[in-house]
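Structure at a glance
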Amino acid sequence: MWRVRRAAVACEVCQSLVKHSPGTKGSLPLQKLHLVSRSIYHTHHPTLKLQRPQIRTSLQQFSSLTSFPLRKLKLSPVKYGYQPHRNFWPARLAARLLKLRYLILGSAVGGGYTAKKTFDQWKDMIPDLSDYKWIVPDIVWEIDEYIDLEKIRKALPNSEDLAKLAPDFDKIAESLSLLKDFFTTGSPGETAFRATDPGSESDKRYRKVSDKEKIDQLQEELLHTQLKYQRILERLEKENKELRKLVLQKDDKGIHHRKLKKSLIDMYSEVLDVLSDYDASYNTQDHLPRVVVVGDQSAGKTSVLEMIAQARIFPRGSGEMMTRSPVKVTLSEGPHHVALFKDSSREFDLTKEEDLAALRHEIELRMRKNVKEGCTVSPETISLNVKGPGLQRMVLVDLPGVINTVTSGMAPDTKETIFSISKAYMQNPNAIILCIQDGSVDAERSIVTDLVSQMDPHGRRTIFVLTKVDLAEKNVTSPSRIQQIIEGKLFPMKALGYFAVVTGKGNSSESIEAIRDYEEEFFQNSKLLKTSMLKAHQVTTRNLSLAVSDCFWKMVRESVEQQADSFKATRFNLETEWKNNYPRLRELDRNELFEKAKNEILDEVISLSQVTPKHWEEILQQSLWERVSTHVIENIYLPAAQTMNSGTFNTTVDIKLKQWTDKQLPNKAVEVAWETLQEEFSRFMTEPKGKEHDDIFDKLKEAVKEESIKRHKWNDFAEDSLRVIQHNALEDRSISDKQQWDAAIYFMEEALQARLKDTENAIENMVGPDWKKRWLYWKNRTQEQCVHNETKNELEKMLKCNEEHPAYLASDEITTVRKNLESRGVEVDPSLIKDTWHQVYRRHFLKTALNHCNLCRRGFYYYQRHFVDSELECNDVVLFWRIQRMLAITANTLRQQLTNTEVRRLEKNVKEVLEDFAEDSEKKVKLLTGKRVQLAEDLKKVREIQEKLDAFIEALHQEK
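Residues numbered from 1 in each chain as written. Predicted model: local features only at pLDDT ≥ 70, side-chain atom pairs only at ≥ 80, totals over all residues. Heavy atoms only, no water.

A few words now on unusual backbone geometry. Its identity is not glycine, yet glutamine 310 carries a phi of approximately 65°, on the positive side. By relative accessible area, glutamine 310 is classed as partly exposed at 24%. Even without being a glycine, threonine 540 presents a positive backbone phi close to 75°. With respect to the helices, strands and loops of the structure, threonine 540 is situated in the loop between helix H19 (527–530) and helix H20 (541–581). (Buried < 20%, exposed > 50% of the residue type's maximum accessible area, 1.4 Å probe, protein only. Helix = DSSP H or I, 4+ residues; strand = E, 2+ residues; numbered from the N terminus.)

Attention now moves to the pattern of salt bridges. According to the stated counting rule, one finds 36 salt bridges in the structure shown. Between glutamate 577 and lysine 931 there is a salt bridge whose closest N-O contact spans 3.8 Å. Highlighted residues: glutamate 577 in helix H20 and lysine 931 in helix H35 (residues 931–959), separated in sequence by 354 residues. Among the salt bridges present, the one from aspartate 662 reaches lysine 658, with a minimum N-O distance of 2.5 Å. Here lysine 658 and aspartate 662 lie together in helix H23 (residues 646–663), a separation of four residues that amounts to about one turn. Three or more residues are tied together by salt bridges with common partners; here these are Arg571, Glu575, Glu587 and Arg943. (Salt bridge = Lys/Arg side-chain N within 4 Å of Asp/Glu carboxyl O.)

Another aspect to go through is the state of the cysteines. Within the structure shown, the criterion is met by one disulfide. Two residues, cysteine 856 and cysteine 874, share a disulfide whose sulfurs are 2.0 Å apart. The S-S bond linking cysteine 856 to cysteine 874 shows a torsion near -100°; that makes this disulfide left-handed. Of this pair, cysteine 856 sits in helix H31 (residues 830–856) while cysteine 874 sits in the loop between helix H32 (860–864) and helix H33 (875–919), and the two are 18 residues apart along the sequence. For cysteine 856, a relative accessible area of 0% gives the class buried. (Disulfide = S-S within 2.5 Å.)

Once that is clear, we can look at the nonpolar core. The tendency in soluble globular proteins is for nonpolar side chains to be buried as a group. Judged by nonpolar contacts, the single largest core of 100 residues is most densely connected at Tyr637, Trp660, Trp741 and Ile883. Aside from chain neighbours lying at most four places away, what touches tryptophan 660 is Val628, His631, Val632, Ile636, Leu665, Pro666, Ile883 and Met886. Counting residues in each nonpolar core, the second largest holds 68 residues, with Tyr268, Leu391, Leu544 and Val556 among its members. (Core = buried A, V, L, I, M, F, W, Y, C linked by side-chain atoms within 4.5 Å. Contact = heavy atoms within 4.5 Å.)

With 29 residues, helix H22 (residues 613–641) ought to run about 42 Å at 1.5 Å a step, yet its terminal C-alpha atoms sit only 36 Å apart, falling short of that. Along H22, the helix axis deviates most sharply at valine 628, where the bend reaches about 50°. (Expected span 1.5 Å × (residues − 1). Bend = angle between axes of the 7 residues up to and from the residue.)

Here the structure, examined in full by the defined rule, presents 17 aromatic pairs. Taking the centre distance of 5.5 Å and the plane angle of 80° together, the rings of tyrosine 268 and phenylalanine 552 count as edge-to-face. With a gap of 284 residues between them, tyrosine 268 in helix H11 (residues 264–278) and phenylalanine 552 in helix H20 connect regions that are remote in the sequence. Note on tyrosine 268: relative accessible area 1%, which makes it buried. With centroids separated by 5.9 Å and ring planes inclined at 55°, the aromatic side chains of tyrosine 637 and phenylalanine 845 adopt a geometry described as tilted. Here the residue tyrosine 637 occupies a position in helix H22, and phenylalanine 845 occupies one in helix H31, the gap between them amounting to 208 residues. Overall, tyrosine 637 belongs to the buried group, its relative accessible area being 2%. Taking the ring centre of phenylalanine 684 as reference, the NZ or CZ of arginine 683 above it sits at 4.6 Å. (Phe/Tyr/Trp six-rings, centres within 6.5 Å; stacked < 30°, edge-to-face > 60°. Lys NZ or Arg CZ within 6 Å of the ring centre and 35° of its normal.)

This next bit is on helix H12 (residues 301–309). Every α-helix carries 3.6 residues per turn, so stepping three or four residues along brings you back to the same face. For H12, the buried fraction is high: nine of the nine residues fall into the buried class. Looking only at H12, the buried set comprises Lys301, Thr302, Ser303, Val304, Leu305, Glu306, Met307, Ile308 and Ala309.

With five of seven residues buried, strand S7 (residues 382–388) lies mostly within the body of the structure. Across seven bridges, the pairing between strand S4 (residues 327–333) and S7 is parallel. Counterpart to glutamate 333 in the pairing with S7 is glycine 388. In terms of strand pairing, strand S5 (residues 338–341) meets S7 through four bridges, oriented antiparallel. Within S7, the residue paired with valine 338 across the bridge is lysine 387. (Pairing = 2+ DSSP bridges.)

Bringing the sheet that holds strand S9 (residues 432–438) into the picture now. What the nine strands build is an open sheet, ordered S6-S5-S7-S4-S8-S3-S9-S10-S11; its pairing is mixed. The sheet terminates laterally at strand S6 (348–349) and strand S11 (497–500), the two strands that pair on one side only. Bridge analysis of S5 against S6 gives two bridges, and the strand direction is antiparallel. Within S6, the residue paired with alanine 339 across the bridge is phenylalanine 348. Sitting on the sheet, H12 is in contact with strand S3 (291–295), S4, S7, strand S8 (394–398), S9 and strand S10 (462–467), with an inclination near 160° to S8. (Axes fitted to C-alpha atoms, helices over the stretch in contact; angles between N-to-C directions.)

See the structure below:
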């Protein structure tokens, strides 16, 4: 009964609230009533049901190739109902007290639980710093010796103690249920109130929300959640990047410096570099993964690479082909954002614009250097390493853009060359093909998709990237066309993943940060995301780089051990072949053979300084006389000897010797000395060394000799000093003793006999063989030789009549000889008579001079008396003595110049040539050839590749 009375009182209170409520028509909304009042009369109202808040799961990292899971959201419809307000303050007071206690205790427990969970999440996200323990001072690792950490841990409360402080929610729910039953049992006004509640109609209207609006609301919330998650990830990665940067940087204050291990990606890049040198065509020996970036010209390949590398490192041009040779870019993590070439020690700071400009200029110069004359592109690869905090570790190869038409200024075979280069890289079964397609142009104009479909028809290693999506969304009238492209339905090619990126606003001066911000802003507002044509994991270059890196390392782990086994087998085969063919020789590659040849050549150059002075002077004097003997006999001695007296002879000789010394003799002497040095140098370089001689060096030595001689120039001041010495030597006419007199006569006889022999040979060739040779060797004279023979006989008769005949024939004598020959039926020309006379008189004169030499052997006594009271005049002997003495002094002077100056300069030239050849790999390949060299080269490279592969596999296992 007391319950009925209380219920009646409660109903009266509610009715009074309805009657005395000012300015209201109908009932108050149920939400404005107190919790207890609502529980009394409206126990079945939907808003009264206690709903436990859903525990929000922590952010989980996801793969860039998977989409975000859709979170199920339950929309709670808002309902409005009206009910009279009643002044029931005891119930309100009790509810407030219960609520206050619940808030305090629930906040304490929930806060502790949330803090613990957040701590666990942050602990999982902290990178593994076990490899950098050396950076932390030793005092940190010994801190447990000074502080009892275990005692502190035991003093802290555990999770069970914290749970005891939480209220018993089951008891609270039971009490509330009893209280609700107390106020609602037997309430007769409840059914009537619900039947007359006008809010039910509004609730039904509110529920009539279309499914489309719900889907739009869910998609909008999903998009905002994904973008929020993306920003949180970027912030965490930025903090992680800064932490890694601090860890990797070297601190000079109190940290023990140790040599850091080479990074995994750097080791892999070195393997690829060695493989490139070993097999430039990327055949079956080289199937290690690379990320090959291919696309049509101006499709945005370079921009995508720059976004992945986070720096504008490539040369740019408007519509012009800029990538003219493959560029291998190795991305690795490091404390500073720098770039350096494989063959250079210079580092380019990518945070400075001047270094970026210098790097782009250097890449352009290297490309133009690789391109041969008459070509547009080159297959030679440029290796570039880019390091920086937060970069994804991988190896990318940027290839020249595929073209459809060869324009003016290009080589005719440019299109075919680009196709062959692209196919060579894509034929590698483990190469990841990053296919770049310009989204702002018609897909039908693309050439690269057909090429990629041929190389990877099943799309198992292809990642498709649609660039310039902002322009595509703006220009393309049908958005579904972009969806067809990104899903691979518009092209016949298949792909492992599809991505859409924005490469900037078309301004080459844009920074990477500006492009990244523009790309994020575009996709936040893009209809392609809002309409679910694109998934969040398919956009931005950051997601692309994550996907490519994951795919790259997955393929590396699957293929590297197989390639290592392949090179082990190759090494065994090469070693067996070497043992069978060259069992007693060391395995010297081309560089080692060049160093060995270099040492031999330098030893042979040094041996020039060990040549004796006597040998130098003998060969110099002999060579110089052979060079000047014709001039001395023909232009000096013969004209002077045909004079009438000794005074005229000496005057003629002095004049001609002075002219010869001033104009020709010093130059001839220097030429002779230089040729003698070349001959001796060649003799030392080419003469066999017995059993130690290795003919594999012959071509190299010959090339070094020729190049050194070409570069060597004799000292310009040598001729001036030599001219003075020769002039003084020729001025001297005083023969001091009989020995010198006899030596001069001997020298004169040798010279005249050599000239006489040459003259007789000339006459024999002119008149033909004599009767003995005609009988013994069955030879006959020609008609011309017969004419010369008849002319010779006629001229000899004339000389017999006048043995002191001058050197020239008079006109009447020529006419007489001609008529005499015509009388015998021989027709001759006056010029033929003069030519025959020159040889006949020359032989007669030389024979007479040789007879005079025999008379002068006893003429030294008359020479000392200046030939006074004597018919014997031996001025020609004095002439030859002067010539002989000049030759000896000149040879001595040249020998001093050779040994003191020119040999050293030649040695210097040889060293410079060897240094130039050492830097020119093409020269070494050309000059050091043969099966032995090639086999040693292959064996060395295979060993190097195997060692690097083994080290890389070991490091790969350690990283796992």
